[in-house]
Amino acid sequence: MPGRHINDHQMRLYMKSRLTEKKPAAAAQASMSLKSAYRIENDPRLPSQKAAPGLRPIAIFEEMRRRHPELPECVRRTMERRVRQWRALKGEDRDVIFRQVQEPGRMGLSDFTEMGDLAVRIAGVELDHRLYHFRLACSGFEHAHVILGGESYVALAEGLQNALWALGGVPREHRSDSLSAAFRNLDHDAREDLTRRYDALCAHYCMEPTRNNRGVAHENGGIESPHGHLKLSIRDALLMRGTMDFEELTDYRSFIDELVGRKNARNRIRIDAERAVLQPLPDTRTADYEQALVFVTNSGGFVLRKVFYTVPSRLIRHRLRAHLFDDRVELFLGGTRVLGLVRGRPGGNGKRGHVVDYRHVIHALRRKPMALLNLVYRDQLWPRQAYRDMFDHLCEKISERGACKLMVEMLSIAHERACESQLATLLTEDLAADRLPDLKELRTRFAPDLASLPEVTVHLTPLSLYEALNDAHIGEAA
């Protein structure tokens with residue numbers, strides 16, 4: 001019957017009927033659906049043999065109450081106690097964790113942990129981040145590094161090397177969690193390349209790379225449990241601080257470094273004892289970034305990993321070498337570093353991300369201010385929220401052409417007069433008073449102070465001195 005589970009008696013009756021009848025007739029005789037009959041054909045085990053050993057007692061009790069509504073609630077604890085006793089006597093064998101004696105200088109462990117539940121904000125925007133966490137299994141030395149992207153080789157390489165150089169030595173073995181998240185959505189060749197790079201990283205530091213089995217967290221227990229303790233310490237410190245807000249990402253990173261430093265200081269004696277038996281560091285670090293070649297188009301930027309980055313227009317039509325770190329992109333023209341950019345991330349649903357600096361394009365926008373109206377990356381162009389709000393305000397109060405021209409001129413003032421923050425404050429005041437900004441007044445307000453400009457006197461050298469010097473040189477040669 002619909003809504004009721006198949007029992008052993010029904011299944012035996014069905015199997016007996018199947019000796020002489022077809023599936024529909026046999027199912028009808030056993031009072032089951034044809035769908036259940038097909039399921040039985042694929043799995044001939046009795047229902048009692050399919051009982052899930054991991055089924056929770058509360059689920060069993062709720063099913064019993066559904067079948068027998070007269071069953072009182074007060075028997076739940078009795079049933080849970082009997083299920084627990086039955087599992088102790090008749091249940092399956094359970095996994096056993098074998099505690100290990102940790103040898104000094106032998107093992108360091110790495111893993112990542114989510115930090116989104118702390119609701120840390122940078123300049124008012126909630127920070128989506130993780131922590132890379134390194135720990136020595138014996139002495140408990142810890143190092144944490146804020147990661148802005150997902151788990152990746154770049155994040156691991158940067159965090160691990162920072163930890164080793166802060167420690168001042170290298171353990172003989174490094175254990176990770178198989179980089180399972182970093183492997184996700186990669187093809188076979190990409191996975192092999194990632195494995196080779198990780199092995200090369202460990203070889204550079206003379207560490208033996210080891211990995212725990214996927215999905216078996218306790219094999220990395222030397223760091224899984226400290227994850228929780230570290231997160232609780234960070235949460236407590238944030239609550240003691242009184243706010244989750246930081247002005248800059250560097251401030252938050254300094255906050256984490258100070259907290260981990262205090263934890264290490266309390267364990268200084270054991271850490272110093274283990275540091276004495278660590279392997280020495282190599283002469284230099286190895287690469288903790290990915291390389292890519294990018295071409296700067298006429299759009300004033302390039303696309304890398306589904307993110308469009310703007311660059312100074314003088315680099316248009318040049319091919320640059322990009323070093324891709326977890327939190328930044330460094331650009332090189334030949335062997336010369338030309339620019340550093342904040343690393344962007346693609347948007348949701350595969351949409352392209354944008355990292356835009358209005359200073360890179362403002363000179364061109366002044367010639368074509370109407371390009372601002374339907375600009376693909378217009379929302380990312382604004383340096384501060386006040387500029388975005390003022391543009392929306394202008395579009396409501398004046399024509400689109402006037403709004404675009406006025407905003408482009410104000411962005412130009414912010415760039416040329418280095419007054420981005422002060423101008424944003426004035427725009428906020430104008431918005432609060434529901435008035436339009438006065439461009440002439442802004443130019444006057446942020447004009448250079450002539451009294452503060454230095455007087456530079458250039459003394460030109462007479463050309464006759466160069467002629468005399470040249471004549472003297474010719475005389476010596478003769």
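This structure is a prediction, so every number in the text was calculated from the model and none was measured.

Student: I'm lost on the overall build of the protein chain in this one. Help?
Tutor: Summing up its helical and strand segments, the protein chain has 18 helices and 15 strands in all. The buried share of the protein chain, reckoned over its 478 residues, is 37%. Summarising the internal contacts of the protein chain: among those between residues at least 6 apart in sequence, 63% fall at separations of at least 24.

Student: What is the right way to read the sheet that holds strand E2 (residues 121-122) from this model?
Tutor: What holds strands together in a sheet is hydrogen bonding between their backbones, with the strands either parallel or antiparallel. Read across the sheet, three strands follow the order E3-E2-E8 without closing on themselves; strand pairing throughout is mixed. Because the sheet does not close on itself, it has two edges, and the strands there are strand E3 (125-126) and strand E8 (245-246).

Student: Which parts of the structure should I look at to understand the side chain of His145?
Tutor: Residue position: His145 is located in strand E5 (residues 142-147). Once residues lying within four places of it in the same chain are set aside, the contact partners of His145 are Arg130, Leu131, Tyr132, Glu158, Gly159, Asn162 and Arg253.

Student: In this structure, what is going on with the packing of aromatic side chains? I would like to understand it.
Tutor: Given two aromatic rings, one states the distance between the centres and the angle between the planes to describe the pair. The tally for this structure, following the rule as stated, stands at seven aromatic pairs. Taking the centre distance of 5.6 Å and the plane angle of 65° together, the rings of Phe112 and Tyr132 count as edge-to-face. With Phe112 in strand E1 (residues 107-114) and Tyr132 in strand E4 (residues 130-136), this pair connects stretches of sequence that are 20 residues apart. We note that Phe112, like Tyr132, is buried. Where Phe246 meets Phe255, the ring centres are 5.5 Å apart and the plane angle is 55°; that geometry is what we call tilted.

Student: For this particular structure, what's the right way to read the environment of Leu333?
Tutor: Position of Leu333 among the secondary structure elements: in strand E13 (residues 328-333). Separated by 13 residues in sequence, Leu333 and Leu320 place their C-alpha atoms 5.2 Å apart.

Student: Hey, could you run me through unusual backbone geometry in this one?
Tutor: A negative phi angle characterises most non-glycine residues, just as the trans form characterises most peptide bonds. We note that Cys206 has phi near 55°; this positive angle belongs to a residue other than glycine. The residue Arg305 is not glycine, and still its phi comes out positive at about 55°. The exposure class assigned to Arg305 is partly exposed, which follows from its relative accessible area of 48%.

Student: Even after reading the chapter, I still don't get helix H1 (residues 8-17), so can you show me in this structure?
Tutor: Helical periodicity: at 3.6 residues per turn, an α-helix aligns residues three or four positions apart in one direction. Along H1, the positions that sit buried rather than exposed are Asp8, Gln10, Met11, Tyr14 and Ser17. Considering only its buried residues, H1 is in contact with helix H2 (23-29) and helix H3 (34-42).

Student: Looking at this structure, how should I read a negative patch on the surface?
Tutor: A contiguous patch of negative charge on the surface is contributed by Asp379, Asp389, Asp392 and Glu396. Broken down by element, the residue count for the negative patch peaks at three residues, all from helix H14 (residues 385-397).

Student: How should the nonpolar core be read in this particular structure?
Tutor: Nonpolar side chains in soluble globular proteins tend to end up buried together. In terms of nonpolar packing, the biggest core is built from 33 residues, with Leu372, Leu381, Tyr387, Phe391, Met407, Met410 and Leu423 touching the most fellow members. Where this core is concerned, the elements lending two or more residues are helix H12 (358-367), H14, helix H15 (400-416), helix H16 (420-432) and helix H17 (439-445). Among the elements that make up this core, the one with the highest residue count is H15 (nine residues). Counting residues in hydrophobic clusters, the runner-up holds 23 residues, among them Phe141, Leu156, Leu167 and Tyr198.

Student: Just checking my understanding: could you explain the state of the cysteines for this structure?
Tutor: Linking two cysteines covalently through their sulfur atoms gives a disulfide. For the structure shown, the criterion picks out zero disulfides. The structure places no disulfide on Cys404, whose sulfur is separated from the nearest cysteine sulfur, that of Cys395, by 6.1 Å.

Student: I keep staring at the environment of Glu21 and nothing clicks. Help me out?
Tutor: In this fold, Glu21 is placed in the loop between H1 and H2. Residue classification places Glu21 among the partly exposed residues on the basis of a relative accessible area of 32%. Discounting residues that sit within four places of it in the chain, Glu21 has contacts with Ala26 and Gln29.

Student: For this particular structure, what's the right way to read the sheet that holds strand E12 (residues 319-324)?
Tutor: Read from one edge to the other, the open sheet built from four strands follows the order E9-E12-E13-E14, with strand pairing classed as antiparallel. Pairing within the sheet leaves two strands with one partner each, and these edge strands are strand E9 (290-295) and strand E14 (336-342). The sheet shows a mean angle of 30° between the axes of neighbouring strands, taken without regard to direction. Two strands pair when backbone bridges link them, and E9 and E12 are joined in this way by six bridges, in the antiparallel orientation. Considered in E12, the bridge of Ala292 is made with Ala322.

Student: Help me out: how do you make sense of the side chain of His393 in this one?
Tutor: Mapped onto the elements of the fold, His393 is located in helix H14. Of the residues examined, His393 reaches a relative accessible area of 9% and is grouped as buried. Apart from the residues within four sequence positions on either side, His393 is in contact with Leu431, Asp434, Arg435 and Leu436.

Student: Any chance you could explain the pairing of strand E10 (residues 301-304) here in plain terms?
Tutor: Note on strand geometry: in a regular strand, side chains alternate between the two faces of the sheet. The pairing of E10 with strand E11 (residues 307-310) spans four bridges and is classified as antiparallel. Residue pairing across strands places Phe302 opposite Tyr309, the latter belonging to E11. Connecting E10 to the antiparallel partner E11 that follows it, the hairpin turn spans two residues, and Arg305 within it adopts a positive phi of roughly 55°.

Student: Is there a simple way to explain the confidence of the model for the protein chain in this structure?
Tutor: Detailed reading of predicted coordinates is not advised where the pLDDT is low. Summary statistics for the protein chain give a mean pLDDT of 85 and a share of 90% for residues scoring 70 or more. Confidence, expressed as mean pLDDT per element, reaches its minimum in the protein chain at helix H7 (residues 180-183) with 53 and its maximum at E11 with 95.

Student: Would you mind going over the pattern of salt bridges with me for this structure?
Tutor: Proximity of charged atoms lets side chains of opposite charge pair with each other. Counting across every chain of the model gives 33 salt bridges. A salt bridge links Glu73 to Arg65, with the nearest nitrogen and oxygen atoms 2.8 Å apart. A salt bridge links Glu409 to Arg443; its shortest N-O distance comes to 2.8 Å. With Glu409 in helix H15 and Arg443 in helix H17, this pair connects stretches of sequence that are 34 residues apart. Of the residues examined, Glu409 reaches a relative accessible area of 11% and is grouped as buried. Overall, Arg443 belongs to the partly exposed group, its relative accessible area being 37%. Here the salt bridges do not stand alone but share partners, grouping Glu158, Arg253, Asp327, Arg328, Glu330 and Arg337 into one network.

Cut-offs applied
Residues numbered from 1 in each chain as written. Predicted model: local features only at pLDDT ≥ 70, side-chain atom pairs only at ≥ 80, totals over all residues. Heavy atoms only, no water. Helix = DSSP H or I, 4+ residues; strand = E, 2+ residues; numbered from the N terminus. Buried < 20%, exposed > 50% of the residue type's maximum accessible area, 1.4 Å probe, protein only. Contact = heavy atoms within 4.5 Å. Pairing = 2+ DSSP bridges. Phe/Tyr/Trp six-rings, centres within 6.5 Å; stacked < 30°, edge-to-face > 60°. Patch = residues over 30% accessible without salt bridge, like charges linked within 9 Å, V, L, I, M, F, W, Y side chains within 5 Å. Areas by Shrake-Rupley, 256 points an atom, 1.4 Å probe, with all protein chains shown as cover. Salt bridge = Lys/Arg side-chain N within 4 Å of Asp/Glu carboxyl O. Lys, Arg positive; Asp, Glu negative; His and termini not counted. Charge placed at Lys NZ, Arg CZ, Asp CG, Glu CD. Core = buried A, V, L, I, M, F, W, Y, C linked by side-chain atoms within 4.5 Å. Disulfide = S-S within 2.5 Å. Axes fitted to C-alpha atoms, helices over the stretch in contact; angles between N-to-C directions. pLDDT = per-residue confidence, 0-100.

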